[in-house]
Amino acid sequence: MLDIEDERRLRDLIGRLDGLTAAGSFAQLLGSPVDPGIADAVRFDHAALLVFPDTVSDVRDFLAASGFVAGPSVPSRVVRARLAERYQVPEEELEVTIVHGRPSDGAPGGLEIFVLPREAADVVAPGLVAQERATGEESHAGWLVAPERLEQTRRTCRHLSSMIPDGGGYNPFDDRDSGGRSVVYFKTGPDGGGRRSRIELTAHGHHAEVLAAHLSEPARSAGEHKALLSILSGHWAARALHVAVEIGLADALGDEHLGAPDVAAAVDCDPLAIARLLRYLARLEVVRERENGTFELTERGKPLRSEDPFSGLIQLYGTEFYDAWSEFPAAVQTGRTAFSHRYGVEHFDYFSTEPETSHRFNRSMQAVTRLVAEELSRSYPFVDGTTVVDIGGGNGTLLRTVLEDHVGVTGVVFDRSHVVDAAEPERLPGGLRFVAGDFFAEVPGGADTYLLSRVLHDWNDEDCDRILRNCRRACASGARLLVLERLLPDRPGAPFDTDLAAPWDLQMLAITGGQERSRGEYDKMMYANGFRVDSVIPMPVDLKLLVATAL
C-alpha cells in the first residue's frame, strides 16, 4: 500500500500539472525569450516523483483511481545510479521502477513515478526514505525535446538561463520502441525560499555526444569570472557572521523588527556601518528587511543569539580557527596543520591549556551534536540493558540525549581529564557517568556499543588505527561500533554538489591534522582493525552513521 505521506505527495504532484502544461510555461521557466526553433521543439512531458510503496501495483492502483492510465513498468537506470551514488550502496541492490501515467481524458501532460519499495529501501539504506522525502532530489518537471534540438536546448538552459547541470544518462528500457531515452537534468536558480527545483530534458534515442558534454560540465553557474569572484568573497560572509555574533547583533534584534539606527545604538556601533552589515546579512538570509526598512531575524539567523550553542561555533571559527588559516600555505607545503604553525602546538593540546577556549569549543560542539543526537536516537535501535561508551564524547550532549530517550540504556562518556572536569554532573540523567582517559592508550571495556562521533576525522590513518584497535580490544565479538563522519565520494570524479565533506577535509588539514574519508576507506580501515561495516544511515548536516560489528 501507499502510506499517507506518499499519497499526499502524489496528489500535490497531480495538482501541479495544470500550471506546467499551460502555454508559455517553458519560456517562463527559462526567464527569457525562447528561440522560436526551441519553442516549437519542446513540450511538457511529465512531472516526476520518487515514492516508497509496498509494491509497484500500489502506484498503478493509485493512478487508476486518480484518473490516469498507467503505462508499462520499466526499470530505472539513471535514478537508480543517482541513489546508489548518494547513499554509497551497490546499484544492483536498488530495484527502482518507472511507472508512467497519462490522464485518461486525454489532457496534456503526465506523471513519471519512480518506485522503490520501502521495505527494500530500509534494508539497503536505512534513512533513505526520510531523506529523499525531505529533499525531493528526484522530483522534477520533464520536457520532451525534438532530438535534433536537444543540444541547443541544453545549451540555452546552461548558458542563457544559468541553470546548473545535475546529471543525466541514457535508459534503453524507457520508450524502447523509439530507441530508449536520453535525459539531462538541471537545477534552476533558487526561489524566494532558497530552494532549487529540477528540470529534465529528454529526447528519444541515445544521444551520446550530448550526454558526454552535459556530464562533463562543471556544476557551476554561468560566467566563470563571476563564479570565481563569488568564491573569493566567501570569507567575507564568514567574517560578517563572526562580527555579528561578536557585537551581539542577533541579541539586539531579539524577536523585534528594528531599524539600523536602533540596532546600532543597542550594540554601540556606527549606524551607517550597521546598516551596511544588515544589508549584507539580508543577502545571506540571516536577517530579513521589511518594507518599512526595519530588520528582523530569520530562522537561519536565530542560532546567532548568544543563548544558542551555534553562536559559540561561529565565535570559534572567527577567532583561533580563523587566525590559523593564515598559515594554510605552510600546511599545504609541509602537511602539518596550519594551527600548529600559528600557535606552536596542535589544537587539542592548545585547548588543554586554555580553559576559556576549551569551554567555547565544547559548547560549540553542542550546536550540531543536538541535531545529530535526536536523529541517532530515532534511527538506531538502542536495546534496554545495554551499555554505550561515547569515546571522545565531550560534555555528554550526544549520549545524554540517547539515554533520555532510552531509559533502559546506560552510558559512559570517555574523554580527556580537562573535558571531564568541566562536565556538569547535576544535569546528567541516571545511568550516565564520565570517565577520564586517553583513547590512544585504552578505552573502557565490556560495553555492548561504542560510539565515535566526529572523532576519526580529527586524526591521520595511523592514529585512527590505534583508536580502533583499542576499541576492538575493549569489546567482545558481536559488539557494535557506531561511527559518525562525513563521507567523501568513492568514485573518482564524482560531483561533490553542496556536500560538506570536501570543505571539512580542508578544515582537518588546516586545524586537526586529520582528514575526511570515503565509505570504501572506512570499510578497509575498520576491517583491518577487527570491525565490519554493515550499513550506512544518513544523518543531519551531511553526516553518515556507519554501523559496524566487531568480528
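Draft legend 1. Geometry of the side chain of Arg 154. Mapping Arg 154 onto the fold places it in helix H9 (residues 150–160). In terms of polar contacts, Arg 154 uses its side chain to reach the side chain of Glu 151, at 2.9 Å.

Draft legend 2. How the structure looks around the packing of aromatic side chains. All told, the structure shown has 16 aromatic pairs when counted by the stated rule. Seen in terms of ring centroids, Phe 339 and Tyr 343 are 4.7 Å apart; in terms of plane orientation they differ by 35°. Their pairing is tilted. Of this pair, Phe 339 and Tyr 343 both sit in helix H19 (residues 338–343), separated by four residues, roughly a single helical turn. Consider the rings of Phe 440 and Trp 459, whose centres lie 4.8 Å apart with planes at 90°: the pair is edge-to-face.

Draft legend 3. Here's a closer look at the pattern of salt bridges. All told, the structure shown has 33 salt bridges when counted by the stated rule. Between Asp 6 and Arg 133 there is a salt bridge whose closest N-O contact spans 3.0 Å. Here Asp 6, found in helix H1 (residues 4–15), pairs with Arg 133, found in helix H8 (residues 128–135); they are 127 residues apart in sequence, far enough to count as distant. Arg 133 shares its class with Asp 6; the two are buried. In this structure, Glu 91 engages Arg 80 in a salt bridge whose closest nitrogen and oxygen atoms are separated by 3.6 Å. Remark: Arg 80 occurs in helix H6 (residues 78–87) and Glu 91 occurs in the loop between H6 and strand S4 (97–103); sequence separation between them is 11 residues. Given a relative accessible area of 23%, Arg 80 falls into the partly exposed group. When salt bridges with common partners are traced through the structure, they connect Asp 3, Asp 6, Arg 9, Arg 118, Asp 122 and Arg 133 into a single cluster.

Draft legend 4. Here's a closer look at the pairing of strand S5 (residues 111–115). Among the five residues of S5, five are classified as buried, and the element is accordingly described as predominantly covered. Neither face of S5 is left uncovered, since the one carrying Leu 111, Ile 113 and Val 115 and the one carrying Glu 112 and Phe 114 both have all their residues buried. Pairing of strand S1 (residues 42–51) with S5, which is carried by five bridges, proceeds in the parallel orientation. Counterpart to Leu 50 in the pairing with S5 is Phe 114. When S4 meets S5, the two strands line up antiparallel, connected through five bridges. Considered in S5, the bridge of Ile 98 is made with Phe 114.

Draft legend 5. Geometry of helix H26 (residues 519–528). Taken residue by residue, H26 has Arg 519, Tyr 522, Met 525 and Met 526 as its buried positions. One side of H26 carries all its buried residues, which in axial view fall inside an arc of 130°. For H26, the exposed residues set more than 90 degrees away from the buried face come down to Lys 524, Tyr 527 and Ala 528. On its buried side, H26 packs onto helix H24 (461–474), strand S16 (480–488), strand S17 (517–518), strand S18 (531–538) and strand S19 (543–550). Downstream of H26 by a residue or two, Gly 530 has a phi angle that is positive, lying close to 95°.

Criteria and thresholds
- Residue positions are counted from 1 within each chain, in the order its sequence is given.
- Totals for whole chains, interfaces and linings use every residue, but because this is a predicted model, local features are given only for residues with pLDDT of at least 70 and side-chain atom pairs only at 80 or more, for both listing and counting.
- Note that the side-chain values use all heavy atoms of the structure and ignore hydrogens as well as water.
- Here a helix means four or more residues in a row that DSSP labels H or I, a strand means two or more in a row labelled E, and each is numbered from the N terminus.
- Counting of polar contacts relies on pairs of N or O atoms within 3.5 Å, with two restrictions inside protein: one atom must be capable of donating a hydrogen and the other of accepting it, and residues adjacent in sequence are counted only when both atoms are side-chain atoms.
- For Phe, Tyr and Trp, rings pair up if their centres lie within 6.5 Å, where Trp contributes its six-membered ring, and each pair is then called stacked (planes under 30 degrees apart), edge-to-face (over 60) or tilted (otherwise).
- Salt bridge criterion: a side-chain nitrogen from Lys or Arg within 4 Å of a carboxyl oxygen from Asp or Glu.
- Under the scheme applied here, a residue whose accessible area is under 20% of the maximum for its type counts as buried, over 50% as exposed, and between as partly exposed, the area being computed with a 1.4 Å probe on protein chains only.
- By the convention used here, strands pair only if DSSP detects at least 2 bridges between them.
- Picture the helix axis, draw a direction to every C-beta atom, and the arc is the one those directions span.
- Here a residue-residue contact requires only that any non-hydrogen atoms of the pair lie within 4.5 Å.

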